[in-house]
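Observations on the three-dimensional arrangement
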Amino acid sequence: MAVELNEASLLRKAIEGCRLPVRMGDTDEWPLAEIISKREHAARKEFYVHYIDYNKRLDEWVTSDRLNLGKLQPPMKKEPKSLSGAAKGSRPSTPDREIPVPLKKQMSQNRKRKLGMLDKADDDSSQEVAAPPQTGSLRPHGGDKCSDDVVTRIKNVHMIEMGQYRMKPWYFSPYPIELTTEPVIYLCEFCLKYVRSRKSLERHRSKCTLFHPPGNEIYRKESISFFEIDGRKNKAFAQNLCLLAKLFLDHKTLYYDTDPFLFYVMTSQDSRGFHIVGYFSKEKESTEDYNVACILVLPPFQRKGYGKLLIEFSYELSKFEGKAGHPEKPLSDLGLLSYRSYWTQTLLEILIGLKREEGSQAMVTINELCEMTSIRKEDVVSTLQHLNVIHYYKGQYVLHVSDELVEGHAKSTRKKKTRIDPKCLHWTPKDWTKRGKW
Ligand code: ACO
Ligand code: ZN
């Protein structure tokens, strides 16, 4: 009895902001986690936890048997606002009590307004196809996020179904609130409209004429195509794409306007159409020479080389534009892995090629490497440093590619089958600065 009482009181003390070891997923590991939220579900208390030092995609609802209440740490003292922003990775303050449901709903609706979302399904529950948000473009947002409140820290969509695939979301995305109570949200795989049932999707498909993304097909080689979509001309598609992408992108914030962006959607073609594999967005005008704003490969297609194919395509566009580019920061953990791998392979390919042709005395400057690849100087230098190929020798810097690196490179290129073929790119860059309006 005493033990039970003790547990009940500890459970009461386990509030938002507390930290304690939690058994992660189906593993036997008990990493330290922070309680983000609490709820009563089927007469049981459940806790939404974030595992400290792990990516937020692993956040989950857990029952109390997975909490090590004996090691409960009280919430840390809130830092003054001016300080908390500076501490990278620090979590915004969390309320020290559960948010009552009506407030949650209200916050969500306020949020929708803020995002300019026209949520017809709110007004007309018989509406099968919820209207797309009026606005919304995914842009990175460095450091702290003004919208990173408790609601947006909790995954809200259980599952999506798109074409042949079901995908479990990694993060919050502001889909209409009444759709988020459904076990599955169904997406038209071509226009990305979202509906609440398979029947509604079938009805939609009988009217929807698309079998590929809208916009211009600017690249095709074998089954891979790229479509360029103007965020102003194809607003509904661009907004639906942003909503979908947000499910798998954490450090991106939904902004109002898709107009300033172009979206490059990569598809894989079969007899049923052009199926979306991934995309990247790009500002029409970037004062900082960003060539990618957001990049995503949908989970069923990840770890097959498509991420690097998208990255290669983004640099190919930069080459056509005659300038070096770089992705907007911050990069996610997976984004950094992919970029690091792309930069490494691209630079090693050139250095090894030169060594083969001209021997170990081959000459190349950092600027030449930038020109050949359209990779920005800082990224070239950091990659070469990371590879430990820059050495200071007899008063000058020399690049030395070891046999080990050559072997490693040969191995990784054997894995990478598909490459972008510049001959298949039919595209002329537009000078957006000369246009009155995007
Ligand atoms: N674990 C370990 N390594 C990984 C993982 C993983 N889960 N995923 C990719 N990698 C590595 C691969 O091993 C590969 O390296 P290698 O060729 O040296 O072996 C490299 O990363 C690229 O792999 P790809 O198969 O080409 O990448 P993928 O198709 O999986 O796409 C992407 C990468 C786009 C980052 C994908 O993981 C994704 O969409 N993630 C969610 C969204 C995201 O984080 N986007 C980047 C945000 S940053 C920005 O938008 C500017
Ligand atoms: Zn459709």
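Everything below is about the structure printed above this text.
What you are looking at is a predicted structure, and each value in this text was computed from that prediction instead of being measured.

All of the buried residues along helix H10 (residues 377–386) are Asp379, Val380, Thr383 and Leu384. Looking straight down H10, one finds that the buried residues subtend no more than 130 degrees of arc, so they occupy a single side. The exposed residues of H10 that point more than 90 degrees off its buried face are Gln385 and His386. Buried-residue contacts for H10 involve strand E17 (326–327), helix H8 (333–358), helix H9 (366–373), strand E18 (390–393) and strand E19 (396–399). Two residues or fewer after H10 comes Asn388, characterised by a positive phi angle close to 60 degrees.

As a further point, take the nonpolar core. Grouped together as the largest cluster of nonpolar side chains are 76 residues, with contacts concentrated most on Leu244 and Phe313. Every residue in contact with Leu244, bar those within four places of it in the chain, is listed here: Ile160, Met162, Tyr175, Leu187, Leu192 and Leu298. Core analysis: the next-biggest nonpolar cluster, separate from the first, contains 14 residues, Ala33, Phe47, Val49 and Tyr51 among them.

So, about the coordination of the zinc ion (ligand 2). For the zinc ion (ligand 2), the full set of protein donor atoms is Cys188 (SG), Cys191 (SG), His204 (NE2) and Cys208 (SG), and the range of their distances to it is 2.1 to 2.4 Å. Here the zinc ion (ligand 2) binds four donor atoms, and the angle range of 95 to 120 degrees at the metal identifies the geometry as tetrahedral. Site description for the zinc ion (ligand 2): donor spacing in sequence, C-x2-C-x12-H-x3-C. Take His204: its relative accessible area is 10%, and that puts it in the buried class. With a relative accessible area of 13%, Cys208 lands in the buried category.

Next up on the list: the pairing of strand E10 (residues 216–221). Pairing analysis gives five bridges linking E10 to strand E11 (residues 224–230), with the strands arranged antiparallel. Paired with Asn216 across the bridge in E11 is Glu228. In this structure, the hairpin formed by E10 and E11 is closed by a connection of two residues, where Glu222 is found at a positive phi of approximately 50 degrees.

Here we come to the site of ligand 1. As a structural note, the neighbourhood of ligand 1 is formed by 26 residues, with Val297, Arg303, Gly305, Lys308 and Ser332 the closest of them. Residue Ser341 places a side-chain N or O atom 2.8 Å away from an oxygen atom belonging to ligand 1. Of all the elements, H8 adds the most residues to the shell around ligand 1, at five residues. The class makeup of the residues in the shell around ligand 1 is 12 nonpolar, eight polar and six charged.

The next point concerns the environment of Ser64. Relative to the helices and strands, Ser64 is located in the loop between strand E4 (60–63) and helix H2 (81–84). In sequence terms Ser64 and Arg44 are 20 residues apart; their C-alpha atoms lie 8.3 Å from each other. When neighbours within four sequence positions are excluded, Ser64 is seen to be in contact with Leu11, Lys45 and Phe47.

Parameters at a glance
Residues numbered from 1 in each chain as written. Chains lettered and ligands numbered in written order. Predicted model: local features only at pLDDT ≥ 70, side-chain atom pairs only at ≥ 80, totals over all residues. Heavy atoms only, no water. Buried < 20%, exposed > 50% of the residue type's maximum accessible area, 1.4 Å probe, protein only. Helix = DSSP H or I, 4+ residues; strand = E, 2+ residues; numbered from the N terminus. Arc of directions from axis to C-beta. Contact = heavy atoms within 4.5 Å. Core = buried A, V, L, I, M, F, W, Y, C linked by side-chain atoms within 4.5 Å. Donors = N, O, S within 2.8 Å, 3.2 Å for Na, K, Ca; no water. Tetrahedral: all angles 85-135°; square planar, octahedral: opposite > 155°, others 65-115°. Pairing = 2+ DSSP bridges. Near = heavy atom within 4 Å. Polar contact = N/O pair within 3.5 Å; in protein donor to acceptor, adjacent residues only side chain to side chain. Nonpolar A, V, L, I, M, F, W, Y, C, P; charged D, E, K, R; others polar.

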